[in-house]
Amino acid sequence: MESRRILLAISGGIAAYKAPELVRTLRRAGHEVRCAMTPEAARFVSSLALQAVSGETVRSDLFDAGEEGEIDHIGLADWADLIVVAPCTANLLAKMAHGLADDLVTAVLLATKAPVLVAPAMNVNMWSHPATQTNLEILRGRGIRFVGPDSGELACGWEGLGRMSDPGVIAEAAAIELVPETLAGQVVLVTAGGTAEPIDAVRSVTNRSSGKMGFAIASEAARRGADVVLIAGVTSLETPHGVRRVDVQSALEMRDAVFAEFEAASIVVKAAAVADFRPIEASDRKIKKEQLDEGASMTLELVQNPDILQEICSRKENRTIVGFAAESHDVVAAAQRKLARKGCDLIVANDISRADAGFEVDENAVLFVWPSGEVEELPLLPKTGVAAQLFDRIGKLRDSGDS
Ligand code: CTP
């Protein structure tokens, strides 16, 4: 990876002692690193150590005339390609969420336009406190990214979530944040979540899709600079930063929404779990038991929904279209048949019989199934990692002109 400028912002938690190791890891990856610390951080790590490993003056005072002469806090905010906040205490997280700027670190964080990656570190109860969790949601909504915290023994004697991630893991997360905006100027259309097919005014036929995979894909496309439209079925997830969201319920609504956005799109990823069937008619009133004889059974007649993926593939032109395949057995063969039937450029297949991957969880183990017959098996990865791998492949496909 090319050398980039990383500002490491360090706040006053015990994990600050790992900051010099993080600086070394980032520098070993070829980056230029500067450090800024809060006044409290200086109690846990020496600025001399940070200066030695970074090869740069360490900044901590907002109003130090000597330091300001070198590069002021706005200059520092503008200098960075990425700001990594590690460790980030509950206090700093709260200040960031509310826009406080009462020291150098918070002033830089308020002034910067660079992406920000946060590695929280705190006591487990501080982490799970509703105030901290609300602050996290606020920051996530603004596009701030998080790595960790990990679970384990904490410096305060408690066990649980709150340990700062290891420097190696933070450096890997930083590398992901520094991905170039290769999708600038492209419109990416993503569908996510399950559809719900109405039975009556309160009931529907749906499935267990959480939407996490499709949301991670939308978020990754936005990070790579695309204009992203996310057509979301049934899900409780927050809209990723920088993404335009259209909510739908049924497969027919999803089809309409997809066709409304399809013309402008150059890349389409259909991660939604579309219900294949819908009740033949939906009552607009609640169906009452008293309408039936005592103990009587009820038959729900279903009709097939249109296959949205197959329809858009028939109008593909020079778009890249990716489908998903959720399979419980014979995964590769079933995905290959699906790819041939629907005519897309790539199928991302997952084995839904695995408990550790796929539906509802944060990880996924997928196979990329190509029209050439090639099958790539990816290891178990966070869904964000699967999304990154997917766009790396889409990029190559578009560069080669094969889609
Ligand atoms: N899909 C779609 N419209 C449908 C059904 C599926 O666009 N009515 C898309 C999904 O978004 C996914 C792909 O087709 O990208 C495969 O979905 P999946 O449910 O795995 O397969 P089905 O086509 O429904 O086939 P089957 O249920 O037989 O596995």
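Keep in mind it's a predicted model, so treat the numbers as computed, not measured.

(A) Focus on the overall build of the protein chain. A tally of helices and strands in the protein chain yields 14 helices and 21 strands. Its C-alpha atoms put the protein chain at 80 × 55 × 35 Å along the principal axes. Relative to all contacts within the protein chain whose residues are 6 or more apart in sequence, the contacts with residues 24 or more apart total 67%. When the accessible surface of the protein chain is summed, it comes to about 19300 Å², and 49% of that surface belongs to carbon and sulfur atoms. Within the protein chain, the 57 negative side-chain charges are centred at a point lying 2 Å from the centre of the 41 positive side-chain charges.

(B) Quick peek at the sheet that holds strand 1 (residues 5-10). Read from one edge to the other, the open sheet built from 5 strands follows the order 2-1-3-4-5, with strand pairing classed as parallel. Each of the sheet's edge strands pairs with one partner strand only, and the pair in question is strand 2 (32-37) and strand 5 (145-146). Inspection of the sheet shows strand 4 (residues 116-120) paired to strand 5 by 2 bridges, in the parallel sense. Across the sheet, the residue bridging to Leu117 is Arg145, located in strand 5.

(C) Looking closely at the site of the ligand. By nearness alone, 15 residues border the ligand, and Lys270, Ala272, Asp276, Lys338 and Lys342 come closest of all. Contacts to the ligand include Ala272, whose backbone N or O atom sits 2.8 Å from an oxygen atom. The backbone of Ile308 places a nitrogen or oxygen atom 3.1 Å from a nitrogen atom of the ligand. For the shell around the ligand, a count of residues per class yields 8 nonpolar, 1 polar and 6 charged.

(D) Here's a closer look at the pairing of strand 2. Among the 6 residues that make up strand 2, 5 are buried, leaving the element largely enclosed by the rest of the structure. Relative to strand 2, strand 1 is paired through 6 bridges, and the arrangement is parallel. When the bridges of strand 2 are listed, Leu7 appears paired with Arg34. Between strand 1 and its parallel partner strand 2, the chain crosses via helix 1 (residues 19-28), and the hand of that crossover is right-handed.

(E) Spotlight on the pattern of salt bridges. According to the stated counting rule, one finds 20 salt bridges in the structure shown. Linking Arg4 and Asp81 is a salt bridge whose minimum nitrogen-to-oxygen distance equals 3.4 Å. Linking Arg4 in the segment before strand 1 with Asp81 in the loop between helix 4 (73-79) and strand 3 (82-88), this pair joins segments that are 77 residues apart in sequence. Classification of Asp81 by relative accessible area gives partly exposed; the value is 27%. Between Glu56 and Arg34 there is a salt bridge whose closest N-O contact spans 3.4 Å. Here Glu56, found in the loop between helix 2 (47-54) and helix 3 (65-70), pairs with Arg34, found in strand 2; they are 22 residues apart in sequence, far enough to count as distant. The class for Arg34 is buried, based on a relative accessible area of 18%. Three or more residues are tied together by salt bridges with common partners; here these are Arg145, Glu177, Glu220, Arg223, Arg224 and Asp392.

(F) Structural context of helix 8 (residues 130-141). With 12 residues, helix 8 should reach 16 Å at 1.5 Å per residue; the first-to-last C-alpha distance of 16 Å fits that figure. Along helix 8, the positions that sit buried rather than exposed are Thr132, Asn135, Leu136 and Leu139. All buried residues of helix 8 lie within an arc of 105° about the axis, which places them on one face of the element. Turning to helix 8, the residues buried within the fold contact helix 5 (90-98), helix 7 (124-128) and strand 5. Positioned one or two residues after helix 8, Gly143 has a phi angle of 90°, which is positive.

(G) Region of the structure containing the packing of aromatic side chains. Under the criterion given, the structure shown has 1 aromatic pair. Residue placement shows Arg34 over the ring face of Trp79; its charged tip is 4.5 Å from the ring centre. Lying across the ring of Phe262, Arg319 places its NZ or CZ 3.9 Å from the centre.

(H) Geometry of the domain arrangement of the protein chain. We note that the domain assignment places domain 1 (5-178) and domain 2 (187-400) within the protein chain. A separation of 37 Å is found between the C-alpha centroids of domain 1 and domain 2. Opposite the 8 residues of domain 1 that make contact, domain 2 presents 4 residues. Between Arg223 and Glu177 there is a salt bridge, with its nearest N and O atoms 3.5 Å apart. Along the contact surface separating domain 1 from domain 2 lie 5 residue pairs in polar contact (both at pLDDT 80 or more). Take the side of domain 1 that touches domain 2: its biggest share by element is 3 residues, from helix 8. The residue inventory of the side of domain 1 that touches domain 2, partitioned by class, reads 1 nonpolar, 2 polar and 5 charged.

(I) Structural detail: the sheet that holds strand 17 (residues 346-351). Sheet architecture is open: 8 strands sit in the order 12-11-8-13-16-17-19-20, paired in mixed fashion. Looking at the sheet topology across the chains shown, the edges are occupied by strand 12 (243-247) and strand 20 (375-377). The mean inter-strand angle of the sheet, taken between neighbouring strand axes irrespective of direction, is 20°. Alignment of strand 19 (residues 366-369) against strand 20, held across 3 bridges, turns out to be antiparallel. Note on strand 20: the bridge partner recorded for Leu367 is Glu377.

Rules behind the numbers
Residues numbered from 1 in each chain as written. Predicted model: local features only at pLDDT ≥ 70, side-chain atom pairs only at ≥ 80, totals over all residues. Heavy atoms only, no water. Helix = DSSP H or I, 4+ residues; strand = E, 2+ residues; numbered from the N terminus. Contact = heavy atoms within 4.5 Å. Areas by Shrake-Rupley, 256 points an atom, 1.4 Å probe, with all protein chains shown as cover. Lys, Arg positive; Asp, Glu negative; His and termini not counted. Charge placed at Lys NZ, Arg CZ, Asp CG, Glu CD. Pairing = 2+ DSSP bridges. Near = heavy atom within 4 Å. Polar contact = N/O pair within 3.5 Å; in protein donor to acceptor, adjacent residues only side chain to side chain. Nonpolar A, V, L, I, M, F, W, Y, C, P; charged D, E, K, R; others polar. Buried < 20%, exposed > 50% of the residue type's maximum accessible area, 1.4 Å probe, protein only. Right-handed = clockwise from strand over helix to strand, strands pointing away. Salt bridge = Lys/Arg side-chain N within 4 Å of Asp/Glu carboxyl O. Expected span 1.5 Å × (residues − 1). Arc of directions from axis to C-beta. Phe/Tyr/Trp six-rings, centres within 6.5 Å; stacked < 30°, edge-to-face > 60°. Lys NZ or Arg CZ within 6 Å of the ring centre and 35° of its normal. Domains from an automatic or database assignment. Axes fitted to C-alpha atoms, helices over the stretch in contact; angles between N-to-C directions.

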